[in-house]
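Single-letter residue listing:
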Amino acid sequence: MRRISVDGASMGARGLWLSLAWLGASTALGCGRREALPASQDPGAERPAQPAQLAPPAQPEEPAAPLQESRVERDGLSIAFALRPLDRGQQGGGPGLGAAPAAAVAGSDVVAEFTITDASTGAPVRGLTPLGWMSRRAGADGAAAARFSGGAPAASLASGAPAASLASGAPAASLASGAVDAVPDEAACRGKIKSFMAGLLSVRPEVDMNAYLLWTLNQDNTLSAINPQVALARTQLRSVVSLAGRGVSFVMHPDRESLYVTLRGGHGLAAVDTRRGLVRTNVPVGQDPSRVVVAPDGRTVWVGNDGDGTVSVIDARSTDVLKTLPVGPGHHEIAFTGGGRAAWITSQQGESVAVVDGETLEPLGEIAVGEGVVSIAASDEAGVVHAANAARGEVVILDVARRAVAGRVALKAGLGALQFDPRGRFSFALNPSANEVAVLDGATGAVAHTLTGLAAPDAVTFTGSFAYIRNRGAARVSLVDRSALGGPAAPPLVDIAVGQGPPLAAAAPPGPAALATPIAPLPEGNGALVASPADKALYVYVEGMMAPIGTLPSYGREPRSILVEDRSLKEVRPGVYATTVRLGEGGLYDVELLLDRPRTGVCLEATVAPARCAPGDGEADASGCGGDPVKDIAIAPLFEPDLRLAAGEPATLRFRATAGEGGPPLDALDAEDIEVMVVRFPAGYRFRGAPRAEGDGTFSVAFTPPAPGQYRFLAAVPGRGAPVGALPFVPLRVSARGAGAQGGGAR
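Residues numbered from 1 in each chain as written. Predicted model: local features only at pLDDT ≥ 70, side-chain atom pairs only at ≥ 80, totals over all residues. Heavy atoms only, no water.

What to know about the pattern of salt bridges
The cut-off we apply is this: Salt bridges are defined as contacts in which a side-chain nitrogen from Lys or Arg sits within 4 Å of a carboxyl oxygen from Asp or Glu. Strands here are runs of E lasting at least two residues and helices are runs of H or I lasting at least four, both read from the DSSP assignment and numbered beginning at the N terminus. A simple rule labels every residue: compare its accessible area, found with a 1.4 Å probe on the protein chains alone, to the largest value its type can have, and call it buried under 20%, exposed over 50%, or partly exposed in between.
Counted under the stated rule, the structure contains 27 salt bridges. In this structure, Glu605 engages Arg137 in a salt bridge whose closest nitrogen and oxygen atoms are separated by 2.4 Å. Note that Glu605 is positioned in strand E44 (residues 599–608) and Arg137 in the loop between strand E5 (131–136) and helix H3 (142–147), a separation of 468 residues in sequence. Residue classification places Glu605 among the buried positions, given a relative accessible area of 2%. Among the residues examined, Arg137 registers a relative accessible area of 6% and is labelled buried. A salt bridge links Glu694 to Arg692; the nearest nitrogen and oxygen atoms lie 3.3 Å apart. With relative accessibility at 33%, the residue Glu694 sits in the partly exposed group. Bridged by salt links that share partners, the residues Arg137, Lys192, Asp590, Glu592 and Glu605 form one connected network.

Overview of the sheet that holds strand E37 (residues 527–532)
Selection criterion: Two strands qualify as a pair provided that DSSP identifies no fewer than 2 bridges between them. All axes are obtained by fitting lines to C-alpha atoms, using only the stretch in contact for helices, and the reported angles, taken between N-to-C directions, cover 0 to 180 degrees.
With respect to topology, 4 strands assemble into an open sheet ordered E36-E37-E38-E39, the strand pairing being antiparallel. Each of the sheet's edge strands pairs with one partner strand only, and the pair in question is strand E36 (519–521) and strand E39 (550–553). Across this sheet, the average inter-strand angle for adjacent strands is 25 degrees, counted without regard to direction. Bridging between E37 and strand E38 (residues 537–542) involves 6 bridges; their strand directions are antiparallel. Note on E38: the bridge partner recorded for Leu529 is Val540.

Some thoughts on the sheet that holds E44
Across the sheet, which stays open at both edges, the 4 strands sit in the order E8-E5-E43-E44 with antiparallel pairing between neighbours. Taken across any chain shown, the strands that pair with only one partner, and hence form the sheet edges, are strand E8 (207–208) and E44. Where E5 lies against strand E43 (residues 587–596), 6 bridges are found, and the strand directions are antiparallel. Its bridge partner being in E43, Arg136 is matched across the sheet by Tyr589.

With respect to the packing of aromatic side chains
Under the convention used in this document: Only Phe, Tyr and Trp rings are paired, with Trp represented by its six-membered ring, and only when their centres lie within 6.5 Å; those with planes under 30 degrees apart are stacked, over 60 edge-to-face, the remainder tilted.
Counted according to the given criterion, the structure contains 8 aromatic pairs. Both rings, one in Phe428 and one in Phe462, keep their centres 5.3 Å apart while their planes meet at 75 degrees; by these two values the pair is edge-to-face. Of this pair, Phe428 sits in strand E29 (residues 426–431) while Phe462 sits in strand E32 (residues 457–462), and the two are 34 residues apart along the sequence. Across the pair, Phe462 and Phe428 agree in class, each one buried. Judged by centre distance (5.7 Å) and plane angle (55 degrees), the ring pair of Phe655 and Phe713 falls under tilted. Within this pair, whereas Phe655 is found in strand E47 (residues 651–658), its partner Phe713 is found in strand E52 (residues 709–716), the two being separated by 58 residues in sequence. Residue classification places Phe655 among the buried residues on the basis of a relative accessible area of 0%.

Digging into the pairing of strand E13 (residues 258–263)
Counting buried positions over the 6 residues of E13 gives 6, a clear majority of the element. Burial along E13 is two-sided: Ser258, Tyr260 and Thr262 facing one way and Leu259, Val261 and Leu263 facing the other are all buried. Strand direction decides the pairing type here: E13 and strand E14 (residues 269–273), joined by 5 bridges, are antiparallel. Bridging across to E14, Ser258 finds its partner in Asp273. Two successive antiparallel strands, E13 and E14, enclose a turn made up of 5 residues, where Gly265 displays a positive phi of approximately 80 degrees.

What about the state of the cysteines?
Rules: By disulfide we mean two sulfur atoms from cysteines, separated by a distance within 2.5 Å.
Under the defined criterion, the tally for this structure stands at 1 disulfide. The disulfide partner of Cys189 is Cys603, and the S-S distance across this bridge is 2.1 Å. Note on the Cys189 and Cys603 pair: the S-S dihedral is about 95 degrees, so by sign convention the disulfide is right-handed. Taken together, the residues span a long stretch of sequence, with Cys189 in helix H5 (residues 186–198) and Cys603 in strand E44 at a distance of 414 residues. Cys189 sits in the buried class, given a relative accessible area of 0%. The exposure class of Cys603 is buried, given its relative accessible area of 1%.

What follows is the structure in structure tokens.
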């Protein structure tokens, strides 16, 4: 086997930051991507896998009423921009939540939405890959935004003059009042877009609609959310989610709003809200849950319970357990065929592969394959399922249509992970014991290539051009050119040095059948992010480079698995491109949009109202956050002020949500509407948790302080216009264990 070795070189601090800034702009620059073409004009391009979509509800809801809108016409296109509430259940219209907010508030999460239609016919313009930003206009302070929180006018760059106004109908000139910069003309708009695309560290937008987050499953009962595109901020760590037990494996829902994590220690399955960065609920499942997968249609979550020989099927929306399937003893792996119409489930200590109807959850049959199957992969294109038997050293080929064994391929004992490439043509059977990978042709069932000279390969991930194979026994990732797999000769391995220590040097032991997913493709499709548990870091690699272009810290934690939450603009309806964003400070904003067809940039306008109480206000004031309190809601703690807790000992903090003057009763307020944060003052540890409803407007949250010090308890109800920091905090004091601290924290 030919091998091309590429040694990694260390990078200086300035080079690293510039590389990461370039990474943040690579989407805009179009690096490694072609201009979008209709499928008929691009027959050679591989069709990217489309994320599964939830089945539409019986009565589809119209989008929530916009908080504000602006519109512009340019190059034959009509472009409208709107900020909308996140959803009706959280932002208004739900039980006990009152009316939707009247304005976009600083620090809140909203949906940013562009509607692009043909200016002549009104037909939606589909298939675009737009890029968007929001930048705060110079001089547009929160006070100015407060005076005009009812709306702001649109800006037309075609003429350089104001276009149709927002709901308020105020002209652009009246908003400036001499204190705010004028609406940018066409040249200024192009200049701002160009600077954002260049990734200049000195010119960053307040809101980036092309961003993504990295989620890592760590060895210490936590998930980390890291923003790789923040270069000069104090920290790239967006949030840390505390889990009830050690995570085994995790998966992201196609809608990117939820993560599902299997937990050890009898804690079941954690459903994590990615928007709020907290555990929504822990779902009781079977014993020793391990592998978790989401069905292709997004409606169900499947959990293999290795301790009791069952698989739990969970409703993705309600998190109710729909059915518990007896499938056989041992570790379970799950694959789907027919777009989710059938689930194929292995049992390592059983003799058969169980086939289950994906809709009715009724068994369709069992296929005898022999004891020892550790992994499974399916290809709808080839109409086969491959199952790897570690003990026998063979891959069993199952015919999907006949639900029968179609053949057996003899390999070497010690097989581990097995996965098909995105086209479904070739399957990669990894063998960490033999230090090799067998590439099987899905159409013929024969071994197409044997890749040797690897160091305990245990995981594989694919981009459009390469297969990435992790070497658990060496600090390197091996790349395989996918275009060469159809040839007679085995493609060479391209080794990229990643980190200083091999993954096996980390403290976290490997899970069964390589449960970890340590490599994730970049959203641009031209590289990958590699988690290095030994180095406690994440490495960023772009194809064509000689080494990783940068390193992201994992903040002292060992990242075992990594997933990417792509928050860039997506076509959610014909001609409608949207994403969820977190707004910056109050003020007037320019909304910059770059289109690929035609290649043009336009600027619109938006207004962000100041928060009632900024999250940073009052941090040095023991009485709580400064500013006016939220009038229609109050949080009353049911524990004493300056409560003393003990480090390392769990406490239950109870509080009551009450209505303020003129506000509706809060009896119907749900626990999921409330966010709780405990922060160590003045900086450091942050805990976010989902409270539990106890009735009569009383809620509780379990919290274990990690170390002695001063902490602050903050509660928020974003759907009622009370984001984190808008309500007064409650001080907590944490003493060393055994120092006479009060326990529990509840009355």
